[in-house]
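Observations on chain architecture
Spelled out, the chains give:
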Amino acid sequence: MRKLQITPPKPVRTALQILQDAGYEAYIVGGCVRDALRGAEPNDWDCTTNAKPDAICRCFRDYHVIETGLQHGTVTVVIDHMPIEITTYRIDGVYADHRRPDTVTFTDSLTDDLARRDFTINAMAYHPREGLIDPFHGEADLQKKRIACVGIPQNRFDEDGLRILRGMRFAAVLNFEIDEATAEAIHRQKGLLKHISAERIDVELTKLLCGVGVERVLQDYADVLFEILPELQPMYQFDQRNPHHDYDVYTHTLKTIAACPKEPILRWAALLHDSGKPHTFTEDERGGHFYGHAKISAEIAARALKAMKCDRKRYVTVMTLVQKHDVVMNGTEKQIKRIVRQIGEAETELLLLLHKADVTAQAEHHREQRIAESEQFLEILQTLREQNACMSIKKLAVNGDDMKAIGVPQGQQIGILLNALLDAVMDGTLPNQREQLLAAAEKMC
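Residues numbered from 1 in each chain as written. Predicted model: local features only at pLDDT ≥ 70, side-chain atom pairs only at ≥ 80, totals over all residues. Heavy atoms only, no water.

Overview of the pattern of salt bridges
Cut-off, in case you're wondering: Between Lys or Arg on one side and Asp or Glu on the other, a salt bridge is scored when a side-chain nitrogen of the former is within 4 Å of a carboxyl oxygen of the latter. Helix and strand definitions here come from DSSP, where helices need a minimum of 4 consecutive H or I residues and strands a minimum of 2 consecutive E residues; each element is numbered from the N-terminal end. Whether a residue is buried, partly exposed or exposed follows from its accessible area with a 1.4 Å probe, protein chains only, as a fraction of its type maximum: under 20%, in between, or over 50%, in that order.
Enumeration over the complete set of coordinates arrives at 35 salt bridges. Of the charged contacts in the structure, one is a salt bridge between Asp 54 and Arg 58, with a shortest N-O distance of 3.7 Å. Linking Asp 54 with Arg 58, this pair stays in helix H3 (residues 53–59), spanning 4 residues, or about one helical turn. Put simply, Lys 277 and Asp 274 hold a salt bridge, and the shortest N to O gap is 3.3 Å. Neither residue differs from the other here; Lys 277 and Asp 274 are each classed as buried.

Structure representation (structure tokens):
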């Protein structure tokens, strides 16, 4: 136990005080302690206590109490509009399904409760008066930037196979190393992930992909990624034999991910963008080629995203980016406008960011030049935005009702005419001005 200062928000301090005034022990615990020790702002403040669930409910009878986790000893109390999870000290029973304990036993021992947690950096408790409670040396592991299981790694992963991916996620997000015994168990027990739902895996993998250390972690634990997404294994150490590439397909992919902004859709697109390359490889005197690989990559991406049961928005946008990532960019304003028209303004920005990351991970001899070109593409898009350039039918100064008013038949003809007007505006042969567009439309009828 060591004295240090963590100042929880007032509602959390209130919760601790109420439990203590009723004669119970109470501490903040887990991730909030870890993050506070790192100097980061915790996302959630969880508490633990030796009060049983019914006693917790009595203590907070004057507050809104949510009893959804009672069977596992968890009660959510809302204080000043802030939800606070309060969990009774517990010992977990057997994890028959490698996901959740069959039973839990309440205990009066804080150390026993901390012993059931996954990693040492998550197995610390704190009270403003008592200081840090750290029986498993989590603070030392924080200082050493190390992820280590509490106790025997094999036991922790047997209990919940998702912890394998959580350990990798923490290593990527915090940019920590995984200790040797924990790493060995991750490789040895990766098959436990087959017991975990796709939704839980997707959450962890998405956070991992957005971590600062993603390249290193997915290089060191490629076998775990392929356990989850076997479609990606052919990329591993696949020599591109191409003068534009210094790296094999998998390494290029990881470097592309790391070069992207930490945006989930963008990093998923980077993960999948070249997955079709091994299936389209041909070679001639000029080296290796991957003609049509974007189409195959999109087919693989569709299977991978569906396997993860990701949301519709991510699915649609990632598919668009993978399908379009190999478009040859000529750096003209006209081309950028055309891309915006095809896929949308926000999606075009993501595509250009993916393009920049992609060239960042290519051959060193032309990397600097291609990065500069990519930045110019982004500047063109930004200029078009600032000019409020007309790049879609909805930005035309006329609409379908205007077409009807000049006698254009309803239906497909209106769409054809509006698209023709948009072509003229984007080509610069017509200004986006109502009167001139109407005059041009009447001539086209």
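Having put the structure on the table, let's press on.
Brief notes about the sheet that holds strand S5 (residues 82–88)
Going by this rule: By the convention used here, strands pair only if DSSP detects at least 2 bridges between them. In this analysis, axes come from line fits to C-alpha atoms, helices being fitted only over the stretch in contact, and the angle between any two N-to-C directions falls in the range 0 to 180 degrees. The contact criterion used is simple: two residues touch if any of their non-hydrogen atoms lie within 4.5 Å.
Read across the sheet, 7 strands follow the order S3-S4-S5-S2-S1-S8-S9 without closing on themselves; strand pairing throughout is mixed. In the strand order of this sheet, the two ends are held by strand S3 (64–69) and strand S9 (131–133), each with one partner. Strand-to-strand twist of the sheet, defined as the mean angle between neighbouring strand axes without regard to direction, takes the value 35°. Taken together, the 2 bridges between strand S1 (residues 26–29) and strand S8 (residues 125–127) define a ladder with antiparallel strand orientation. Considered in S8, the bridge of Ile 28 is made with Tyr 126. Its contacts with the sheet put helix H1 (residues 10–21) on S1, strand S2 (46–49), strand S4 (74–79), S5 and S8, and the angle it makes with S5 is roughly 35°. On the sheet, helix H2 (residues 31–38) packs against S1, S2, S8 and S9 and is oriented at approximately 65° with respect to S1.

Things to note about the packing of aromatic side chains
Which entries qualify depends on this criterion: Side-chain rings of Phe, Tyr and Trp, where Trp is taken by its six-membered ring, are said to pair if the distance between their centres is within 6.5 Å; with planes under 30 degrees apart they count as stacked, over 60 as edge-to-face, and otherwise as tilted. Charge-over-ring placement is defined geometrically: NZ (Lys) or CZ (Arg) within 6 Å of the ring centre, and within 35 degrees of the ring normal.
A complete count under the given rule lists 7 aromatic pairs for this structure. Relative to Tyr 63, the ring of Phe 60 lies with its centre 6.1 Å away and its plane at 65°, an arrangement referred to as edge-to-face. We classify Tyr 63 as partly exposed; its relative accessible area is 32%. Pairing Phe 226 with Tyr 250 gives two aromatic rings, centres 5.3 Å apart and planes at 65°, and the pair type is edge-to-face. Residue Phe 226 is found in helix H11 (residues 222–228), and its partner Tyr 250 is found in helix H12 (residues 249–259); the two are separated by 24 residues along the sequence. Side by side, Phe 226 and Tyr 250 carry an identical accessibility label, which is buried. Of the aromatic side chains, those joined through ring pairs into one cluster are Phe 226, Tyr 236 and Tyr 250. In this arrangement the basic side chain of Arg 169 is found over the ring face of Phe 170, its NZ or CZ atom lying 4.4 Å from the centre. We note Lys 277 situated over the ring of Phe 290; from NZ or CZ to the ring centre the distance is 4.9 Å.

Remarks on the side chain of Thr 253
As a reminder, the rule being used: Identification of polar contacts relies on pairs of N or O atoms within 3.5 Å, with a donor-acceptor requirement for protein atoms, meaning one able to donate a hydrogen and the other able to accept it, and with residues adjacent in sequence counted only if both atoms are side-chain atoms.
Within the secondary structure, Thr 253 sits in helix H12. Residue Thr 253 is classed as buried on the basis of its relative accessible area, which comes to 0%. Within the local environment of Thr 253, its side chain forms a polar contact with the backbone oxygen of Val 249, the two atoms lying 2.9 Å apart.

Quick look at the nonpolar core
Looking at soluble globular proteins, one finds that nonpolar side chains tend to be buried together. Put simply, the rule reads: Nonpolar core, defined: a set of buried Ala, Val, Leu, Ile, Met, Phe, Trp, Tyr and Cys residues in which side-chain atoms within 4.5 Å join the residues together.
In this structure, Ile 28, Phe 60, Met 168, Leu 229, Trp 268 and Leu 272 are the most contacted members of the largest nonpolar core, which totals 107 residues. When residues in this core are grouped by element, the largest group, 8 residues, is from helix H7 (residues 162–174). Those residues in contact with Phe 60, other than ones at most four positions away along the chain, are Ala 15, Ile 18, Leu 19, Val 65, Val 77, Ile 79 and Ile 86. Membership of the second largest hydrophobic core comes to 18 residues, among which are Val 398, Leu 422, Ala 424 and Leu 437.

A few points about unusual backbone geometry
Its identity as a non-glycine residue notwithstanding, Lys 145 has a phi of 55°, on the positive side. Residue placement: Lys 145 occurs in the loop between helix H5 (138–143) and strand S10 (146–147). Not every positive phi belongs to a glycine, and Lys 309 is a case in point at roughly 55°. Relative to the helices and strands, Lys 309 resides in the loop between helix H14 (293–307) and helix H15 (312–324).

Details of the environment of Glu 215
As for its position among the elements, Glu 215 is in helix H10 (residues 214–220). We classify Glu 215 as partly exposed; its relative accessible area is 25%.

Looking at the pairing of S5
When S2 meets S5, the two strands line up parallel, connected through 3 bridges. Note that in S5 the partner of Thr 48 across the bridge is Thr 87. Pairing of S4 with S5 involves 6 bridges; the strand directions are antiparallel. The partner of Thr 74 across the bridge, within S5, is Thr 87.

Some words on helix H16 (residues 333–343)
Considered for burial, the residues of H16 that qualify are Gln 335, Ile 336, Lys 337, Ile 339, Val 340 and Ile 343. Positive backbone phi, approximately 105°, marks Gly 344, located one or two places after H16.

Keep in mind that these numbers describe shape and distance, not what the molecule does.
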